[in-house]
Amino acid sequence: MVKGGHRPHISIFHLVLKALASKHGGKEAWHVLAIMRQSGTQPDATAYSWALRQQVSLQAADALLKEMVTAGVAPDSGTYIAMLRMCRISRDMPRALELFAEMEATDPSFVNVHTWNLLLLAIVASGNPQSALGKAAEMTQRGLAPDAATHSLLLAAHAALGDQAKVDSAVSQMRASGME
């Protein structure tokens, strides 16, 4: 289409990137972003977020995020969600903490139970269950109520620490609040 002189609407590029996001190849997303620019359509936060979901390494995702910021495109919640997922896959707790702090400083409205859970997932995946418990406590201190996913992560952290009493207590709390 672009070679023929057509300028596809940005929503077409979004659909292509969304379809590619399930492939996890990485290079195709970079190619689509290049075609967008070639057609005169500047990639937006949505395009970059879908492209980030296709990356196979944290290094590639960080390079794409850097390109995004350099192009003057502000990260949105989808950007941070994709990056936190990549931190979980890469088991990189320090980068997850750094991204979360950046998100909080840049746009606190992106901070919610879902993004906290993604942070906790990255911390647990990195092999730091004690740190995950500390961050979960910080989440509740900030006024965010844990949801079922949070409780599952807390169960996993307590189990990883071998603390059966805390596991039993967490299960009892979940049952008492109607979660099973």
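Here the structure is a predicted model, which means the values were calculated and not measured.

**Q** I'd like a description of the packing of aromatic side chains, backed by residues and values.
**A** Working definition: an aromatic ring pair is given by the centre-to-centre distance plus the angle between the planes. Tallied over the full model, the rule gives 2 aromatic pairs. Measuring from centroid to centroid gives 6.2 Å for Tyr80 and Phe110, while their planes differ by 45°, and the two rings are tilted. Taken as a pair, Tyr80 in helix α5 (residues 77-90) and Phe110 in the loop between α6 (93-106) and α7 (113-125) lie far apart in primary sequence, 30 residues in all. Take Tyr80 and Phe110: they sit in the same class, and that class is buried. Across the ring face of Trp50, the terminal group of Arg53 is positioned such that the distance to the ring centre comes to 4.7 Å.

**Q** Please provide a residue-by-residue account of helix α8 (residues 129-141), values included.
**A** The first and last C-alpha atoms of α8 sit 18 Å apart over 13 residues, in line with the 18 Å expected at 1.5 Å per residue. Along α8, the positions that sit buried rather than exposed are Pro129, Ala132, Leu133, Ala136 and Met139. Across the axial projection of α8, the buried residues extend over an arc of 115°, all falling on one side. Among the exposed residues of α8, those oriented more than 90 degrees off its buried face are Gln130 and Gln141. Buried residues along α8 sit against α7 and α9 (148-160). Backbone geometry just downstream of α8 places Gly143 in the positive-phi region, at approximately 95°.

**Q** Outline the UniProt feature "domain: PROP1-like PPR" (unreviewed entry) in the protein chain, listing residues and values.
**A** Look at the UniProt record and you will see "domain: PROP1-like PPR" (unreviewed entry) annotated at residues 56-176. The span residues 56-176 is 77% helical and 0% strand by assignment, and the distance between its end C-alpha atoms comes to 40 Å.

**Q** Hey, could you go over the nonpolar core for me, with residue numbers and the actual values?
**A** Among soluble globular proteins, nonpolar side chains are generally buried collectively. Leu17, Leu33, Met83 and Phe100 are the most contacted members of the largest nonpolar core, which totals 45 residues. Element by element, the count of residues in this core is highest for α5, at 7 residues. The residue makeup of this core includes at least three contributed by each of domain 1 (8-73) and domain 2 (75-179). When near neighbours in sequence (up to four residues on either side) are disregarded, Leu33 contacts Leu17, Pro43, Ala47, Tyr48, Ala51, Leu64 and Glu67. Core analysis: the second largest hydrophobic core is formed by 5 residues, Leu155, Val167, Met174 and Met179 among them.

The rules behind the values
- The residue numbering used here restarts from 1 in each chain and proceeds along that chain's sequence as written.
- Confidence filtering applies because this is a predicted model: local features only for residues at pLDDT of at least 70, side-chain atom pairs given and counted only at 80 or more, and all residues used for totals across whole chains, interfaces and linings.
- Only hydrogens and water are removed before side-chain values are computed, so all heavy atoms of the structure are retained for them.
- Here a pair means two rings of Phe, Tyr or Trp (six-membered ring of Trp) with centres within 6.5 Å. Their orientation is stacked below 30 degrees between planes, edge-to-face above 60, and tilted elsewhere.
- By definition, any uninterrupted DSSP run of H or I lasting at least four residues is a helix, any uninterrupted run of E lasting at least two residues is a strand, and each is numbered from the N terminus.
- A 1.4 Å probe rolled over the protein chains alone gives each residue an accessible area, and that area as a share of the maximum for its type sets the label: buried under 20%, exposed over 50%, partly exposed in between.
- Should the NZ of a Lys or the CZ of an Arg lie within 6 Å of a ring centre and within 35 degrees of the ring normal, that charge is described as sitting over the ring.
- Expected helix span is computed as 1.5 Å times (number of residues minus one).
- The arc in question is the one traced by the directions running from the helix axis out to the C-beta atoms.
- What makes two residues a contact is simply this: any of their non-hydrogen atoms within 4.5 Å.
- UniProt positions are given in the numbering used here, feature names are shortened, and annotations may be inferred rather than shown by experiment.
- Put simply, a nonpolar core is a bunch of buried Ala, Val, Leu, Ile, Met, Phe, Trp, Tyr and Cys residues held in one set by side-chain atoms that sit within 4.5 Å of each other.
- Boundary definitions for the domains trace back to an automatic or database domain assignment.

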